[in-house]
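What follows is each chain in one-letter form.
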Amino acid sequence: MAEQQAGDLHQEDTASTFNFENDHVEDVGSDTIDLHSGADSTQNFSTTTTTDVNLENFSETLDPITTTGTAERHISIQQTLTDLKNLIGIEGAGKKTCPLCPEEKFKPNYSHKLRRHLQHLHWKVSIEFEGYRMCICHLSCRRMKTNLNGEQVPVRIGAHYHCIVCSATIARRTDMISHITRHLNKGDTEASFTGATSGQMSSTQVMKEVDTDVHVFPNHMTPQKTDSFFNPKMKPNRQLIFCTLAVLAQERKLLECLDAFGATGIMGLQWAKHLGDAVKVTINDINEGSVKIIRENCHLNRMKVLTSRKDDEEEDEDDVEETEDILGTIEVTQMDANVLMHLRAFDFIHLDPFGTAINYFDAAFRNVRNLGIVSVTSTDISTLYCKALNVTMRHYGCNIVRTEYYKEVAARMIIASVARAAARCNKGIEVLFTVALEHFVLVVVRVLRGPTQADESLKKIRRLIHCQWCEERVFYKKCHMLEESAYRQLPCDCHGSMPGKTAVELGPLWAGSLFSTGFLRRMLFEAVQHGIEDIQPLLKNLICESECTTLKHYSIFGPMSHSSQDKRKGNDVSGNAAKRQKGDIPVEHPPFYYSIHRHSIRGMNIPKINKFLPYLTQAGFRVGRTHFDPTGIRTDATLAQLKAILMKYSVPTHTDSQPGVHSHASTDPISEPVQDSIPELLEVDQPTEEVKPESG
């Protein structure tokens with residue numbers, strides 16, 4: 001009874017209509033033509049054809065309830081119209097019955113009428129998939145069903161389709177198109193349902209990144225519709241996480257690392273493959289299909305898999321015996337990430353769910369060890385970048401508006417939520433670095449255990465005053481007393497010159513530093529040591545941004561002396577955290593940045609951004625570039641001071657000077673050594689790339 005009820009539910013697929021790429025109808029007229037004689041099928045299907053089919057035996061053997069994974073394909077699924085006609089011997093004499101219709105639906109008739117019947121009824125509304133056509137079927141393939149009283153009653157004969165992949169029967173054509181599309185997005189093939197072991201991975205392709213190979217499905221770029229989500233654009237994210245873990249591995253040995261959302265497992269594979277015995281990697285995913293892909297990728301990269309199930313361990317031992325050399329061991333788990341982080345303690349945790357990671361903060365800080373690292377990758381861009389303000393308030397409890405520095409607001413909003421989650425577990429945080437690239441925001445923090453550290457972190461969460469007229473901004477002062485007028489804290493005078501309320505209160509946001517210069521230098525050293533050249537220019541820019549300077553002459557080996565002293569002390573992680581991290585405490589950079597193009601003066605040609613930076617330095621201000629915005633300038637000057645200097649060195653659009661030559665170029669005493677004041681190359685002891693300054 002339960003099987004028949006499940007079959008009834010499977011028959012009525014309620015999926016919504018989807019725009020399938022092969023959703024079209026071809027009118028073949030009255031002639032017999034071959035629609036797919038030259039079709040190139042991507043799967044190796046075995047075609048089943050029969051010349052003389054008995055209708056009674058036909059309807060009995062095609063009941064999808066009794067159909068197993070090894071059953072033959074339904075007769076309504078054919079490659080060409082000729083194949084469909086050959087089933088009944090249409091060239092013979094006499095009346096013939098339609099193989100896809102009962103006699104009550106279509107009585108035996110002559111060949112010319114049967115030809116038109118097959119073309120305009122069955123073939124015309126067929127659905128194409130992988131070079132095959134699923135024609136509409138009117139047979140009583142499902143004769144009985146169970147009513148509410150538990151009795152077997154005959155099913156009303158109706159038109160339906162048979163799925164070429166899973167043999168399911170679906171009545172509506174649009175629902176069948178959606179059903180096949182879901183199979184296509186998941187990478188399902190006929191082999192995955194027939195139990196064939198030789199073709200299980202036939203629909204996957206191998207992607208390679210940093211000497212690590214992974215199996216992915218053709219739709220690996222769609223996280224909602226695949227078990228093997230792999231985004232090549234997230235390569236900088238994975239490289240930054242790897243360099244972070246490499247630095248932590250130098251501080252202590254045998255790190256217990258967790259990739260809470262493995263997908264293909266490429267991040268955990270890179271950790272285990274390149275860091276070796278220094279790390280103990282655990283890759284987790286709640287999806288069973290993803291876990292299978294992770295296990296396959298571990299075997300592909302010659303990694304031994306440890307699981308909690310005995311059967312899997314026995315199978316893995318057999319695979320290991322066949323492999324000559326094993327590069328490492330990885331533990332693969334299948335459970336909810338919150339449950340796993342509550343059960344076990346880790347030194348390094350990486351959270352990269354689909355969307356927001358706010359639901360996993362409490363569990364991540366529950367058992368993370370002292371001086372461990374938690375990295376968070378947030379991809380809910382619509383929430384972070386002010387496109388869904390109600391969701392922002394619901395997830396992060398922050399009030400934000402769209403500003404010129406919205407990316408940094410998003411990063412500070414995430415850090416504030418991380419700090420509050422850590423404080424609930426009597427832990428504080430130290431922000432190591434923050435990156436906002438492409439469609440993600442990456443935040444990496446170090447955990448400092450103790451209520452004192454938690455209190456110090458919470459003191460750095462404050463609200464922001466933002467002027468909506470000139471976009472000047474300032475954090476509230478550290479004071480528990482009420483301010484008579486919050487407008488007095490703003491450097492601008494828009495409230496006095498403009499009618500009504502001119503400012504808005506944003507936050508709460510993180511008001512502390514976003515970077516640790518010492519940690520970034522050590523990350524650059526590890527990137528050079530492991531030959532990761534793609535991420536080195538970004539790390540160099542982050543170091544300059546953390547120091548708020550344009551000077552790029554330094555050595556990457558300077559900060560390593562502090563790490564060497566820690567090794568001589570025996571790697572005691574239970575000491576005073578403040579003393580241990582003293583060498584990494586940077587001079588805090590100014591919060592937020594200004595876009596030089598946004599504050600340009602109408603009718604004036606502003607100087608190039610790399611030429612404008614020395615002018616601010618000459619005026620006595622700290623200034624540097626920012627990775628958040630290619631046209632942004634991070635400086636401690638107010639907006640009014642920035643505009644005054646920008647006006648001083650801008651020229652009118654229409655001048656008598658030659659095109660492309662500024663009028664102040666010959667009179668300004670500091671215009672000549674401008675190029676010498678901004679070095680073009682970062683000098684390190686290892687061969688590195690040349691970082692060209694971005695044009696304004």
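Up top is the structure.
Bear in mind that the values here come from a model prediction, so they are computed numbers and not experimental data.

J.: Any chance you could explain the side chain of arginine 252 here in plain terms?
T.: Structurally, arginine 252 can be placed in the loop between helix H7 (235-251) and strand S10 (255-259). A polar atom in the side chain of arginine 252 sits 2.8 Å from the side chain of aspartate 347. One polar contact links the side chain of arginine 252 to the main-chain carbonyl oxygen of leucine 371, over a distance of 3.2 Å.

J.: I would appreciate a short explanation of the pairing of strand S12 (residues 303-306) in the present structure.
T.: Residues in a regular strand point their side chains to alternate faces of the sheet. Where burial is concerned, the two faces of S12 differ: the one with Met303 and Val305 is buried and the one with Lys304 and Leu306 is not. By the bridge criterion, 4 bridges tie S12 to strand S13 (residues 328-333) in an arrangement that is parallel. Counted as the bridge partner of lysine 304 is threonine 329 from S13.

J.: I tried to follow the sheet that holds S10 on my own but got confused; where do I start?
T.: The strands making up a sheet are joined through hydrogen bonds of the backbone, oriented either antiparallel or parallel. With mixed pairing, the 8 strands of this open sheet are ordered in space as S12-S13-S11-S10-S14-S15-S17-S16. At either margin of the open sheet sits one strand with a lone partner, and together these are S12 and strand S16 (427-437). Neighbour-to-neighbour, the strand axes of this sheet turn through a mean angle of 20 degrees, independent of strand direction. Across 10 bridges, the pairing between S16 and strand S17 (residues 440-449) is antiparallel.

J.: Mind showing me how you'd approach the packing of H7 against helix H8 (residues 266-275) here?
T.: Relative orientation and spacing of two packed helices are given, respectively, by the angle between their axes and the distance between those axes. Axis separation between H7 and H8 bottoms out at 10 Å; the angle between their running directions is 40 degrees. The angle between H7 and H8 places the two elements in the oblique class. Where H7 crosses over H8, the handedness of that crossing is right-handed. Of H8, the residues touching H7 (which contributes Asn237, Arg238, Ile241, Phe242, Leu245 and Ala246) are Ile266, Met267, Gln270, Trp271, His274 and Leu275. Looking at the contact of H7 with H8, its residues break down into 8 nonpolar, 3 polar and 1 charged.

J.: Please clarify how the side chain of asparagine 231 should be interpreted in this entry.
T.: Within the fold, asparagine 231 resides in the loop between strand S9 (212-216) and H7. Within the structure, the side chain of asparagine 231 is placed 3.1 Å from the backbone nitrogen of lysine 233, a separation counted as a polar contact.

J.: Can you help me understand the pattern of salt bridges in this one?
T.: As a working rule, side chains carrying opposite charge can pair if their charged atoms are close by. The final tally for this structure, using the stated rule, is 19 salt bridges. The salt bridge partner of glutamate 251 is arginine 522, with a shortest N-O separation of 3.1 Å. A residue pair is termed long-range when its members are at least 10 positions apart, and glutamate 251 in helix H7 and arginine 522 in helix H18 (residues 517-529) qualify at 271 residues. Both residues of the pair, glutamate 251 and arginine 522, belong to the buried class. The partner of arginine 463 in a salt bridge is glutamate 505, and the shortest N-O contact between them spans 3.9 Å. Here arginine 463, found in strand S18 (residues 461-467), pairs with glutamate 505, found in strand S20 (residues 503-510); they are 42 residues apart in sequence, far enough to count as distant.

J.: Explanation requested: the packing of aromatic side chains in the structure shown.
T.: We describe a pair of aromatic rings using the distance from one ring centre to the other and the angle between the two ring planes. According to the stated counting rule, one finds 8 aromatic pairs in the structure shown. Ring plane angle 80 degrees and centroid distance 4.9 Å describe the contact between phenylalanine 261 and tyrosine 360, whose orientation is recorded as edge-to-face. Here phenylalanine 261 is found in the loop between S10 and H8, whereas its partner tyrosine 360 is found in the loop between strand S14 (346-351) and helix H12 (361-367), with 99 residues between them in sequence. Classification of tyrosine 360 as buried rests on a relative accessible area of 16%. Between tyrosine 405 and phenylalanine 592, the ring centres sit 4.6 Å apart and the planes meet at 50 degrees, which makes this aromatic pair tilted. With a gap of 187 residues between them, tyrosine 405 in the loop between helix H14 (389-396) and helix H15 (406-423) and phenylalanine 592 in the loop between helix H21 (577-580) and strand S21 (594-595) connect regions that are remote in the sequence. You can call phenylalanine 592 buried: its relative accessible area is 2%.

About the cut-offs
- Residues numbered from 1 in each chain as written.
- Predicted model: local features only at pLDDT ≥ 70, side-chain atom pairs only at ≥ 80, totals over all residues.
- Heavy atoms only, no water.
- Helix = DSSP H or I, 4+ residues; strand = E, 2+ residues; numbered from the N terminus.
- Polar contact = N/O pair within 3.5 Å; in protein donor to acceptor, adjacent residues only side chain to side chain.
- Buried < 20%, exposed > 50% of the residue type's maximum accessible area, 1.4 Å probe, protein only.
- Pairing = 2+ DSSP bridges.
- Axes fitted to C-alpha atoms, helices over the stretch in contact; angles between N-to-C directions.
- Parallel < 35°, antiparallel > 145°, perpendicular 65-115°, else oblique.
- Left-handed = near helix turned anticlockwise from the far one by under 90°.
- Contact = heavy atoms within 4.5 Å.
- Nonpolar A, V, L, I, M, F, W, Y, C, P; charged D, E, K, R; others polar.
- Salt bridge = Lys/Arg side-chain N within 4 Å of Asp/Glu carboxyl O.
- Phe/Tyr/Trp six-rings, centres within 6.5 Å; stacked < 30°, edge-to-face > 60°.

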